[in-house]
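Descriptive structure summary
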Amino acid sequence: MVTKSRILLFVLSLSLIVSLFSSGAPDSAAALNNGLAQTPPMGWNSWNRFACNINESLIRQIADAMVSSGLRDAGYIYLTVDDCWSALTRDSSGNLRADPTDFPSGMKALGDYIHARGLKFGLYTSIGSLTCTGKTPGSLNNEFRDVATFASWGVDYMKIDRCGPERDTLNYPEIYARYRDAVIAAGRPIVLSASTNGGAQEPWSWGATVAHQWRTTGDIRDNWSSMSGVLNGNVRFPGASVPGGVNDPDMLEVGNGGMTETEYRTHFGMWALMAAPLIAGHDVRSTSATTRAILTHPEVLAIDQDRLVFQAINVSDNGAGLQVWYRPLSGSGVRAVGLLNRSTSAATMSVNWSQIGLASGSATVRDVWARADRGTFTNSYSVSVPAHGLALLRIVGTDLSVSTGFLSDQPWTYVANGYGPVERDRSVNTSAAGDGNPIRLNGVTYAKGFGAHAPSAIEFRPNGACSNFTASIGVDDEVGSNGNVIFEVWADGNRLYESGVMTGSSATKNINLDISGRNSLRLQLSGGNNGLSNDHGDWANAQVNCGGPTPTPTWTPTPTQPPEGNVYQAEAASLGGGVTVD
């Protein structure tokens, strides 16, 4: 595996680019480091409404309508032309070309038109030799050529679909890494959307190394059942989303007519809670007042675009369709909360502060959709939610406090884990709660810390009171030499540290980071590039100094042997089909 440090997009040397491409191995950096899409991309795509019925006149009209409707000014800046734009064959030099009948002026001219309206130009291709229509050429083995062509046309965003006759034989981490490297070589900043529809080959484990967003589900349809199913598929691994790379539950159907207004608000509100890309797909030329109000609601958009980029987690489900979701937002004690009623009858629903990482006591509640403050409440809030509805709330209370000491002794404000729970002072072991072993890194046993399974995110709120964070990190000995993870530390939406890929054979790393003045501290464990099996990462002796006496790190310095046999075989069995034990 080739491992490299994070290097700025515009200063990569040609020799390094050639080395990366010839290796065929994905970069070990935890996310693309070109500064793009630090919050989820927003825009419009032609497929949901028009499919193959597109031409340059239509796209120009859509560009004009994105301006006149207010979508552009609300943040929808990427206008993406999906499948069916290209000719059936490449030109004599082997380059992709526009369909001469539907796009007679060519894609460069179309991109110029889009750019002139203050928008960015998105374009579609596929990883196989054919696109999803089965008629037009894909980019297999032409990735560098095609990205260079797209760059010459002024493309700012690429949707890279999972189609072509070879698609099920390809190694997706390697294939999508080609596009990342081709973008570097082309020298143009381009947002990459890995449209791995269906979540093939676990893109949540490697997507952030090659793209800014990655599809987690099958294609959405314009009805409640499909939207609900896509929602279910996207929430399996919320810990994968970070600034610069997010889970993608597919495009929006708002305004296409197959759902009620209530259902569209739920659809849009849940996408915002999940920190999902917001890619509209209706006919913008005939945007109704209702659709405009949903898509441009500033407070809902602020939730989606919050710079911490936490994906909401489900903290309560009564088994009859009533669910409580939340995500931390920037600012002391701020949470976005969704009370989701998936049942067919209205219901009174409640959220308790303890469910959303707030201390007991008073908190203010704002109804986001109504743009109305509901008052100050103690410990909980209740409201009636219509069938298929979502009460979207902004609650501001008091964060659970952090003080000098081991973080495993202190309350977190958010936690998501790949399989099973994050374990305190134990390894993660299998996916069962409380079954962890003593934390062991390279034969050294640690009494304190966290055992996690990638993708994992743990947040604490020092709220400016702490000066530094320290930990010893590595893959737990229980998986032997296996595992493939990346440790990151984030503060207020900024990455402070990235380990590069670590395996069970890697030496333990000790980190000491300045977190002075930081409000949000996030411990992130991402997968590397070979799936999630065995991705057991330990934050040993994780602690903060907040002005009081610093505890002495505790460990047993006597090397111990990793357990015999394959403990991780039980984990693989618990994950069901499609999981490979390394």
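Residues numbered from 1 in each chain as written. Predicted model: local features only at pLDDT ≥ 70, side-chain atom pairs only at ≥ 80, totals over all residues. Heavy atoms only, no water.

Moving on to the packing of aromatic side chains. For the coordinates displayed, the defined rule picks out 16 aromatic pairs. Seen from their ring centres, tyrosine 176 and tyrosine 179 are 6.3 Å apart, and the 40° between their planes marks the pair as tilted. Linking tyrosine 176 with tyrosine 179, this pair stays in helix α7 (residues 172-186), spanning three residues, or about one helical turn. Neither tyrosine 176 nor tyrosine 179 differs from the other in exposure class; each is buried. Clustering of aromatic rings is evident, with ring pairs tying together Trp85, Phe150 and Trp153. Taking the ring centre of phenylalanine 50 as reference, the NZ or CZ of arginine 49 above it sits at 5.3 Å. (Phe/Tyr/Trp six-rings, centres within 6.5 Å; stacked < 30°, edge-to-face > 60°. Helix = DSSP H or I, 4+ residues; strand = E, 2+ residues; numbered from the N terminus. Buried < 20%, exposed > 50% of the residue type's maximum accessible area, 1.4 Å probe, protein only. Lys NZ or Arg CZ within 6 Å of the ring centre and 35° of its normal.)

This part covers the sheet that holds strand β28 (residues 521-527). Overall, antiparallel pairing links the five strands, which are arranged β18-β23-β28-β25-β26 in an open sheet. In the strand order of this sheet, the two ends are held by β18 (414-416) and β26 (494-502), each with one partner. Within the sheet, the average angular offset between the axes of one strand and its neighbour, ignoring direction, is 10°. When strand β23 (residues 456-460) meets β28, the two strands line up antiparallel, connected through five bridges. Bridge pairing in β28 links phenylalanine 460 to leucine 521. (Pairing = 2+ DSSP bridges. Axes fitted to C-alpha atoms, helices over the stretch in contact; angles between N-to-C directions.)

The next point concerns the state of the cysteines. Here, the word disulfide means a covalent bond between the sulfur atoms of two cysteines. Enumeration according to the criterion identifies three disulfides in this entry. Linked covalently through their sulfurs, cysteine 52 and cysteine 84 form a disulfide whose S-S length is 1.7 Å. Separated by 32 residues along the polypeptide, cysteine 52 in the loop between α2 (47-50) and α3 (56-68) and cysteine 84 in the loop between β2 (78-81) and α5 (107-116) bring together distant segments of the chain. Here cysteine 466 engages in a disulfide with cysteine 546; their sulfurs sit 1.9 Å apart. Handedness of the cysteine 466-cysteine 546 disulfide follows from its S-S torsion of about 75°: it is right-handed. (Disulfide = S-S within 2.5 Å.)

With respect to the helices and strands, the residue threonine 470 is situated in strand β24 (residues 468-475). Those residues in contact with threonine 470 that sit more than four places away from it in its chain are Ile511, Asn512, Asn541, Ala542 and Gln543. (Contact = heavy atoms within 4.5 Å.)

A word on the pattern of salt bridges. Enumeration according to the criterion identifies 25 salt bridges in this entry. Among the ionic pairs, arginine 117 bridges to aspartate 64, the shortest N-O distance being 2.7 Å. With arginine 117 in the loop between α5 and β3 (120-126) and aspartate 64 in helix α3, the pair connects residues that are 53 residues apart, well separated along the chain. The exposure class of arginine 117 is partly exposed, given its relative accessible area of 25%. Through salt bridges with shared partners, a single network forms among Arg335, Asp399, Glu459 and Arg461. (Salt bridge = Lys/Arg side-chain N within 4 Å of Asp/Glu carboxyl O.)

In this section: the pairing of strand β5 (residues 191-195). Along a regular strand, successive side chains alternate from one face of the sheet to the other. Within β5, five of the five residues are buried, which leaves the element mostly enclosed by the surrounding structure. Side chains of β5 alternate between two faces, with Val191, Ser193 and Ser195 and Leu192 and Ala194 buried alike. Taken together, the five bridges between strand β4 (residues 157-161) and β5 define a ladder with parallel strand orientation. Residue pairing across strands places aspartate 161 opposite serine 195, the latter belonging to β5. Taking the sense of rotation as the criterion, the β-α-β connection linking β4, α7 and β5 turns out right-handed. Two elements, β5 and strand β6 (residues 213-215), share two bridges in a ladder whose sense is parallel. Within β6, the residue paired with serine 193 across the bridge is glutamine 213. (Right-handed = clockwise from strand over helix to strand, strands pointing away.)

A few words now on the sheet that holds strand β11 (residues 334-341). Sheet architecture is open: six strands sit in the order β9-β10-β11-β16-β13-β14, paired in antiparallel fashion. Among the strands making up the open sheet, the edge pair consists of β9 (313-317) and β14 (372-378). Between one strand and the next, the sheet's axes are offset by a mean angle of 25°, whatever the strand orientation. In the sheet, strand β10 (residues 322-328) pairs with β11 via seven bridges, with the strands oriented antiparallel. Its bridge partner being in β11, tyrosine 326 is matched across the sheet by valine 337. The sheet contacts of helix α10 (residues 261-273) involve β10, β11 and β16 (390-396), and relative to β16 the element is tilted by about 35°.

Next up on the list: the nonpolar core. In terms of nonpolar packing, the biggest core is built from 91 residues, with Leu79, Val81, Trp85, Phe268 and Trp271 touching the most fellow members. Those residues in contact with leucine 79, other than ones at most four positions away along the chain, are Trp44, Ile59, Ile62, Ala63, Met66, Ile114, Leu119, Lys120, Phe121 and Gly122. (Core = buried A, V, L, I, M, F, W, Y, C linked by side-chain atoms within 4.5 Å.)

The next thing to look at is the pairing of β9. Here β9 pairs with β10 via four bridges, running antiparallel. Counted as the bridge partner of serine 316 is valine 324 from β10. Linking β9 to β10, which pair antiparallel, is a turn of four residues; within it glycine 319 sits at a positive phi near 80°.

The next thing to look at is α10. End to end, α10 covers 18 Å across 13 residues, agreeing with the expected 18 Å (1.5 Å per residue, within 8%). Counting buried positions along α10 gives 10 out of 13 residues, so the element sits mostly inside the fold. Those residues of α10 lying buried are Glu263, Tyr264, Thr266, His267, Phe268, Gly269, Met270, Trp271, Ala272 and Leu273. Taken from the residues just after α10, alanine 275 is the one with a positive phi, measuring 55°. (Expected span 1.5 Å × (residues − 1).)

Interpretation of the predicted coordinates at a detailed level should be avoided for regions scoring low in pLDDT. Model confidence for the protein is summarised by a mean pLDDT of 90, while 88% of its residues fall at 70 or above. With pLDDT under 50 throughout, residues 1-31 is counted as low confidence; its partners more than four residues away or in other chains account for 62 contacts. Within the model, pLDDT remains below 50 along residues 553-582, and this stretch shows 56 contacts once partners closer than five positions in the same chain are excluded. (pLDDT = per-residue confidence, 0-100.)

Residue placement: tryptophan 47 occurs in helix α2. Residue classification places tryptophan 47 among the partly exposed positions, given a relative accessible area of 30%. When the C-alpha positions of tryptophan 47 and threonine 80 are compared, they lie 9.0 Å apart, and in sequence the two are 33 residues distant.

Put simply, helix α9 (residues 224-234) and α10 touch, their axes get as near as 11 Å, and they point 15° apart. Of the possible angle classes, the one that applies to α9 and α10 is roughly parallel. The interaxial crossing formed by α9 with α10 has left-handed handedness. Judged by residue contacts, Trp224, Met227, Val230 and Leu231 of α9 engage Glu263, Thr266, His267, Met270 and Trp271 from α10. Grouping the amino acids of the contact of α9 with α10 by side-chain chemistry returns six nonpolar, two polar and one charged. (Parallel < 35°, antiparallel > 145°, perpendicular 65-115°, else oblique. Left-handed = near helix turned anticlockwise from the far one by under 90°. Nonpolar A, V, L, I, M, F, W, Y, C, P; charged D, E, K, R; others polar.)

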